[in-house]
Amino acid sequence: LTAASGGGIVAYADSSRAEEAPEPPPRKKKVVVLGTGWAGTSFLKNLDSSRYEVKVISPRNYFAFTPLLPSVTCGTVEARSVVEPIRRMFEKKGKDVAYYEAECLKIDPTKKAVHCRSAVGTNLDGNGDFMLDYDYLVVALGAAVNTFNTPGVMEHCHFLKEVEDAQKIRKSVIDCFERASIPNISEEEKRKILHFVIIGGGPTGVEFAAELHDFLVEDLVKLYPAIEQFVKITIIQSGEHILNTFDQRIAVFAESKFQRDGIELSTGFRVIKVSDDSITVKCKSSGVETLVPYGMAIWSAGIGTRPVITDFMNQVGQGKRRALATNEWLRVPECDSVYAIGDCSSISQRKIMEDISTIFKVADKDNSGTLTLKEINDVLEDICIRYPQVELYMKSMHMVDIADLIKGGLGDSHKESMVVNIEEFKKAMCHVDSQVKTVPATAQVAAQQGYYLADCFNKKDHCTEHPEGPLRLTGSGEGHHNFRPFRYKHLGQFAPLGGEQAAAELPGDWVSMGHSTQWLWYSVYASKQVSWRTRVLVVSDWTRRFIFGRDSSR
Ligand code: FAD
Ligand code: MG
Ligand code: MG
Ligand code: MG
Ligand code: MG
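Residues numbered from 1 in each chain as written. Chains lettered and ligands numbered in written order. Predicted model: local features only at pLDDT ≥ 70, side-chain atom pairs only at ≥ 80, totals over all residues. Heavy atoms only, no water.

**Q** Describe the pattern of salt bridges, listing the residues and the values that go with them.
**A** Per the stated rule, a full pass over the model turns up 36 salt bridges. Of the charged contacts, one joins Glu187 and Arg191 as a salt bridge, the two residues approaching to 3.7 Å between their closest N and O atoms. A residue pair is termed a helical-turn pair when its members lie 3 or 4 positions apart in one helix, as Glu187 and Arg191 do in helix H7 (residues 187-193) at four residues. Glu187 gets classed as partly exposed once you look at its relative accessible area, which sits at 49%. The class for Arg191 is partly exposed, based on a relative accessible area of 43%. The salt bridge partner of Glu354 is Arg350, with a shortest N-O separation of 3.6 Å. Residue Arg350 is classed as partly exposed on the basis of its relative accessible area, which comes to 32%. (Salt bridge = Lys/Arg side-chain N within 4 Å of Asp/Glu carboxyl O. Helix = DSSP H or I, 4+ residues; strand = E, 2+ residues; numbered from the N terminus. Buried < 20%, exposed > 50% of the residue type's maximum accessible area, 1.4 Å probe, protein only.)

Structure, rendered in structure tokens:
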């Protein structure tokens, strides 16, 4: 009896415990982040990591503040001052994140897993490879250098992409000066060794040229007075102007400053081959080829696709593209759970003409087959969110309201009674898509995309499974909880030009140039530092340079 009742009690107790036991918490979704550059760290900093099981893969265990890399090449700022250890970033923010110093070799979207290889050598089994599976993958792998398959570039040119590159450049510049100082070297040889060639006149190339010029005139000429006269800096640019992504006023200012500084600008030339002591350039207009002897060359002529991204694009049927395409919510359209941000990706903005019939139908609430001004105005906000090109187009054509776009130049009294059919609506909208803008490959874009995507992930619970979803306007889905598409906000850009001068393009079509702009640059870049530690280091590097000059040892 005792045994039986005991058993009964046990059984009863067991079942009551089972009833009282709280539901096991739902398994946290696994988020794997590839890359710890601008996009990846911005995502991680803003992600509520308690909601997810977060794993981060990157072969470098630090974040690099790339805008200061050109300053590292000449010792204006030390390499240590522009990097922040990734683990420290998480620890400081109290983030529950696992980091693995490894390289992602392959993304497998069908198995929802990534293949990785340890970046710190293999383990005891002789195998540092591992797999991680994910529920959501955030691809933030950045871009690779692009040599456009120009022969000799990989072997003979320096690049300026990573912190190590900047350190190598610094060493190599000093090497050239020491080599040219050895006795018994002919003048011709000295000129060759001290010819610094920068291939690519974009912001990075231009900033490096300016840094190098300052380093030469402020520090090196004092230390190497005998060879000063042989030094030359040349920028080779295939386009007609340097800094062609900037306002033309800035390009003109930069070009005339460089001319005064004696920096040679070879515009309209394309590099077709690089050997160990000369660069073959071709004049684009005449087709004539010339040999340019050089001592050191830096290639900063463009960015390309990393092999792991190319492989992934081939898997999902994006083989012909240069960057991984996402929709406006930064998701790879072919994969439910893969997002891509930063330089490795590009957003393909949906064209309004692709959806024009749907838009018309949704707007035409009374099914009259025509749209009144009121009907259009009711959906206008949704249209402008989904298709930012509409606003851009109206702005570019100096149109005040939608009636101007639809029926062009109507008098105020006619606007109210305006009616359009589908053909007229299509005709009005047919040029709008010409204003679709691509976002540039910059830190600013990468950081904003990371922030935006983290925000979507943090609010996922309140939304449908995917943060994006069609707005009320286009198609099905409960639009109200869904997110607005990513919208880039351009906060301006700087071009430091050396000699304590800089140029800046600021929001609202503002251009500012000269010494005061350089001070603006100092304050902006000090404030943009990711931690107080790096901020203090950078500012003290600048101060040290002002007082003592740059360090010219290797
Ligand atoms: P990245 O910052 O390049 O990060 C990529 C990350 O992926 C890195 O952590 C890398 O280690 C990691 N990674 C690479 N391969 C793998 C792999 N196989 N597996 C795992 N991880 C991998 N932009 C501006 O807006 N303003 C500026 O002034 C400016 N100056 C610049 C100066 C220089 C010299 C350079 C090179 C760039 C500059 N940029 C500037 C551009 C800016 O740095 C990039 O747009 C930005 O870094 C893009 O961020 P990202 O996260 O996409 O890529
Ligand atoms: Mg990144
Ligand atoms: Mg970076
Ligand atoms: Mg991009
Ligand atoms: Mg109607």
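Next comes the rest of the description.
**Q** Describe the site of ligand 1, naming the residues involved and giving the relevant values.
**A** Around ligand 1, the structure places 31 residues, and the nearest of them are Ala39, Thr66, Cys104, Asp343 and Thr442. Taking Ala39, its main chain carries an N or O atom lying 2.8 Å from an oxygen atom of ligand 1. Within the side chain of Ser58, a nitrogen or oxygen atom sits 3.4 Å from an oxygen atom of ligand 1. Isolated, ligand 1 exposes 1,000 Å² of accessible area, and the fraction of that covered by the protein chains is 87%. For the shell around ligand 1, the secondary structure elements donating two or more residues are helix H2 (38-46), strand E2 (52-58), helix H3 (69-72), strand E5 (97-108) and helix H17 (443-458). (Near = heavy atom within 4 Å. Polar contact = N/O pair within 3.5 Å; in protein donor to acceptor, adjacent residues only side chain to side chain. Areas by Shrake-Rupley, 256 points an atom, 1.4 Å probe, with all protein chains shown as cover.)

**Q** Talk me through the coordination of the magnesium ion (ligand 4); I want residue IDs and the actual numbers.
**A** Of the protein atoms, only Gly342 (O) and Ser345 (O) coordinate the magnesium ion (ligand 4), at distances of 2.4 Å. With respect to burial, Gly342 and Ser345 carry one shared label: buried. (Donors = N, O, S within 2.8 Å, 3.2 Å for Na, K, Ca; no water.)

**Q** I'd like a rundown of the packing of helix H18 (residues 515-527) against helix H19 (residues 532-548), residues and numbers included.
**A** The interhelical angle for the contact between H18 and H19, taken along N-to-C directions, is 150 degrees, at an axis separation of 9 Å. Here H18 is positioned roughly antiparallel relative to H19, judged by the angle of their axes. Contact with H18, carried on its side by Trp519, Trp521, Tyr522, Tyr525, Ala526 and Ser527, involves Arg535, Val539, Trp542, Arg545 and Phe546 of H19 and no other residues of that element. Residue classes in the contact of H18 with H19 are distributed as eight nonpolar, one polar and two charged. (Axes fitted to C-alpha atoms, helices over the stretch in contact; angles between N-to-C directions. Parallel < 35°, antiparallel > 145°, perpendicular 65-115°, else oblique. Contact = heavy atoms within 4.5 Å. Nonpolar A, V, L, I, M, F, W, Y, C, P; charged D, E, K, R; others polar.)

**Q** How would you summarise the packing of aromatic side chains if you had to cite specific residues and measurements?
**A** Aromatic rings in a pair are described by how distant their centres are and how their planes are angled relative to each other. Counting across every chain of the model gives 22 aromatic pairs. Here the aromatic rings of Tyr522 and Phe546 are separated by 6.2 Å at their centres, their planes lie at 55 degrees, and the arrangement is tilted. With Tyr522 in helix H18 and Phe546 in helix H19, the pair connects residues that are 24 residues apart, well separated along the chain. Here the aromatic residues Trp38, Phe63, Phe65, Phe494, Trp519, Trp521, Tyr522, Tyr525, Trp542 and Phe546 are joined through ring pairs into a cluster of three or more. Against the face of Tyr387 rests Arg386, its NZ or CZ located 5.5 Å from the ring centre. One residue, Arg535, lies across the ring of Trp532, its end atom 4.3 Å from the ring centre. (Phe/Tyr/Trp six-rings, centres within 6.5 Å; stacked < 30°, edge-to-face > 60°. Lys NZ or Arg CZ within 6 Å of the ring centre and 35° of its normal.)

**Q** Quick rundown of the sheet that holds strand E13 (residues 264-267)? Include the residues and the values.
**A** Within a sheet, neighbouring strands are paired by backbone hydrogen bonds and run either parallel or antiparallel to one another. In spatial order, the strands read E10-E17-E11-E12-E13; together these five strands make up an open sheet with parallel pairing. The open sheet terminates on both sides in strands that have one partner only, identified here as strand E10 (158-159) and E13. For strand E11 (residues 195-199) and strand E12 (residues 232-237), the ladder comprises five bridges, and the chain directions are parallel. Bridge pairing links Val197 to Thr234 in E12. Relative to E12, helix H8 (residues 203-223) is tilted by about 175 degrees, and along the sheet it contacts E11, E12 and strand E17 (296-299). (Pairing = 2+ DSSP bridges.)

**Q** So what about the sheet that holds strand E7 (residues 129-133)? Which residues, and what values?
**A** A sheet is described by the order of its strands in space; here seven strands give the open sequence E7-E6-E5-E2-E1-E8-E20, paired in mixed fashion. Of all strands in the sheet, those bounded by a partner on one side alone are E7 and strand E20 (338-340). On average, adjacent strands in this sheet sit at an angle of 35 degrees to one another, irrespective of strand direction. Here E5 runs beside strand E6 (residues 113-118); their pairing, made up of six bridges, is antiparallel.

**Q** Lay out the domain arrangement of the chain with the relevant residues and their values.
**A** Taken domain by domain, the chain comprises domain 1 (29-143 + 305-345), domain 2 (153-304 + 491-548) and domain 3 (350-437). Look at where the C-alpha atoms of domain 1 and domain 2 centre, and you get two points 30 Å apart. Across the contact, 33 residues belong to domain 1 and 30 residues belong to domain 2. A buried area of about 2,900 Å², summed over both sides, lies between domain 1 and domain 2, and 59% of it is on carbon and sulfur atoms. Ranking the residues of domain 1 by area buried against domain 2 places Thr73, Cys74 and Thr76 at the top, with a combined share of 21%. Scanning the region where domain 1 abuts domain 2 turns up five salt bridges. (Domains from an automatic or database assignment. Buried area = accessible area lost by both parts, 1.4 Å probe.)

**Q** Summarise the pairing of strand E15 (residues 278-283); cite the residues concerned and give the values.
**A** Regular strands show a simple pattern: their side chains alternate between the two faces of the sheet. Taken across its six residues, E15 has five buried, putting it largely inside the fold. One ladder, built from five bridges, connects strand E14 (residues 269-274) with E15; its direction is antiparallel. Bridge assignment links Phe269 to a residue of E15, and that residue is Cys283. One ladder, built from five bridges, connects E15 with strand E16 (residues 289-293); its direction is antiparallel. When the bridges of E16 are listed, Val281 appears paired with Thr290.

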